[in-house]
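Each chain, written out:
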Amino acid sequence: MEEVKREGLTKSIGVSNFYVEHLEEILPVATITPAVNQIELHPYVWRSSKPTIALNEEHDIVTSSYGGLSPIVRFPGGPVDAAIEQIRTRLEKTRGAPVSNGQVLIKWLKQNGVLVVTTSSKAERIREYLDTINVPDLTEEEMKLIESKGAELHRKAF
């Protein structure tokens, strides 16, 4: 990948699913630090991902997420559901417009400094994702609530 970058065939190098042990293996020998590291990231893997996020930050590697909506899409009925609903209700009242549970999770990730990647073939979901910028910020207490509820269950989707 470094050769491809040196030849000008790409602007940057990114990695996916690189955790601490993988990063510790490549960083000492890399001449070009990856620009981004995309990992599965949502409240149910947040606690176990913190060391990777910290190492990414230490090396100026952007943490990018996939699977951020897993708690509501793949694992409904889990510990974060009630917290997300409570926060969604507050945000909706503050905003004066609808807010989805997905927007709450996207906002949580973004406020944690994560680049959010999501996909959908449905135009309405894409519009909802783009509209997340108009959703008010979560409070510090709401951020901590989602994190603490997420720590009650460790579950990966991918």
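Each remark here, short or long, concerns the structure printed above.
Structural notes, computed from the coordinates. (Residues numbered from 1 in each chain as written. Predicted model: local features only at pLDDT ≥ 70, side-chain atom pairs only at ≥ 80, totals over all residues. Heavy atoms only, no water.)

**Comments concerning the sheet that holds strand β4 (residues 115-116)**
Okay, step 1: Pairing is parallel across the open sheet formed by four strands, whose spatial order is β1-β2-β3-β4. Each end of this open sheet is capped by a strand with a single partner; those strands are β1 (14-16) and β4.
Okay, step 2: Along the sheet, helix α3 (residues 46-58) makes contact with β2 (36-40) and β3 (62-66), crossing β2 at roughly 170 degrees. (Pairing = 2+ DSSP bridges. Helix = DSSP H or I, 4+ residues; strand = E, 2+ residues; numbered from the N terminus. Contact = heavy atoms within 4.5 Å. Axes fitted to C-alpha atoms, helices over the stretch in contact; angles between N-to-C directions.)

**Remarks on the packing of helix α6 (residues 101-111) against helix α8 (residues 140-150)**
Okay, step 1: Taken N-terminus to C-terminus, the directions of α6 and α8 make an angle of 100 degrees; their axes are 11 Å apart at the nearest point. By the angle class used here, α6 and α8 are roughly perpendicular. Residues Val104, Trp108 and Gln111 of α6 lie in contact with α8, whose contacting residues are Met143, Ile146 and Glu147.
Okay, step 2: Class assignment for the residues of the contact of α6 with α8 results in four nonpolar, one polar and one charged. (Parallel < 35°, antiparallel > 145°, perpendicular 65-115°, else oblique. Nonpolar A, V, L, I, M, F, W, Y, C, P; charged D, E, K, R; others polar.)

**Considerations on the pattern of salt bridges**
Okay, step 1: Enumeration according to the criterion identifies eleven salt bridges in this entry.
Okay, step 2: Here Glu85 makes a salt bridge to Arg88, at a shortest N to O gap of 2.5 Å. Of this pair, Glu85 and Arg88 both sit in helix α5 (residues 81-95), three residues apart, which is roughly one turn of that helix.
Okay, step 3: We classify Arg88 as buried; its relative accessible area is 16%.
Okay, step 4: Arg95 serves as the salt-bridge partner of Asp131, at 2.7 Å between the closest nitrogen and oxygen. A residue pair is termed long-range when its members are at least 10 positions apart, and Asp131 in helix α7 (residues 123-131) and Arg95 in helix α5 qualify at 36 residues.
Okay, step 5: Linked through salt bridges whose partners overlap, the residues forming this network are Glu2, Glu3 and Arg6. (Salt bridge = Lys/Arg side-chain N within 4 Å of Asp/Glu carboxyl O. Buried < 20%, exposed > 50% of the residue type's maximum accessible area, 1.4 Å probe, protein only.)

**A word on a nonpolar patch on the surface**
Okay, step 1: The grouping of Val62, Leu115 and Val117 at the surface amounts to a nonpolar patch, some 220 Å² of accessible area in total.
Okay, step 2: Looking at the element boundaries, Val117 is found in the loop between β4 and α7. (Patch = residues over 30% accessible without salt bridge, like charges linked within 9 Å, V, L, I, M, F, W, Y side chains within 5 Å. Areas by Shrake-Rupley, 256 points an atom, 1.4 Å probe, with all protein chains shown as cover.)

**Quick word on the nonpolar core**
Okay, step 1: With 24 residues, the main nonpolar core has Leu41, Leu91, Val104, Trp108 and Leu138 as its most contacted residues.
Okay, step 2: Taken together, the elements giving at least two residues each to this core come down to α3, α5, α6 and α8.
Okay, step 3: Broken down by element, this core gets its largest block of residues, five residues, from α6.
Okay, step 4: Val20, Leu23, Leu55 and Ile61 belong to the second largest nonpolar core, which has five residues in total. (Core = buried A, V, L, I, M, F, W, Y, C linked by side-chain atoms within 4.5 Å.)

**Quick look at the side chain of Ser100**
Okay, step 1: Note on placement: Ser100 falls in the loop between α5 and α6.
Okay, step 2: Residue classification places Ser100 among the buried positions, given a relative accessible area of 16%.
Okay, step 3: Ignoring anything within four residues of it in the chain, the contact list for Ser100 reads Arg88 and Glu128.

**Brief notes about the pairing of β2**
Okay, step 1: Two elements, β1 and β2, share three bridges in a ladder whose sense is parallel. The residue bridging Gly14 from the neighbouring strand is Val36, located in β2.
Okay, step 2: Traced from β1 through helix α2 (residues 20-26) to β2, the parallel crossover comes out right-handed.
Okay, step 3: Here β2 runs beside β3; their pairing, made up of five bridges, is parallel. (Right-handed = clockwise from strand over helix to strand, strands pointing away.)

**Brief notes about the packing of α5 against α6**
Okay, step 1: Two elements in contact, α5 and α6, have axes separated by 9 Å at closest approach and are oriented at 95 degrees. On the basis of the axis angle, α5 is roughly perpendicular to α6. Taken together, the residues of α6 that come into contact with α5 (itself represented by Ile84, Glu85, Ile87, Arg88, Leu91 and Arg95) are Asn101, Gln103, Val104 and Leu105.
Okay, step 2: Of the residues assigned to the contact of α5 with α6, the class counts are five nonpolar, two polar and three charged.

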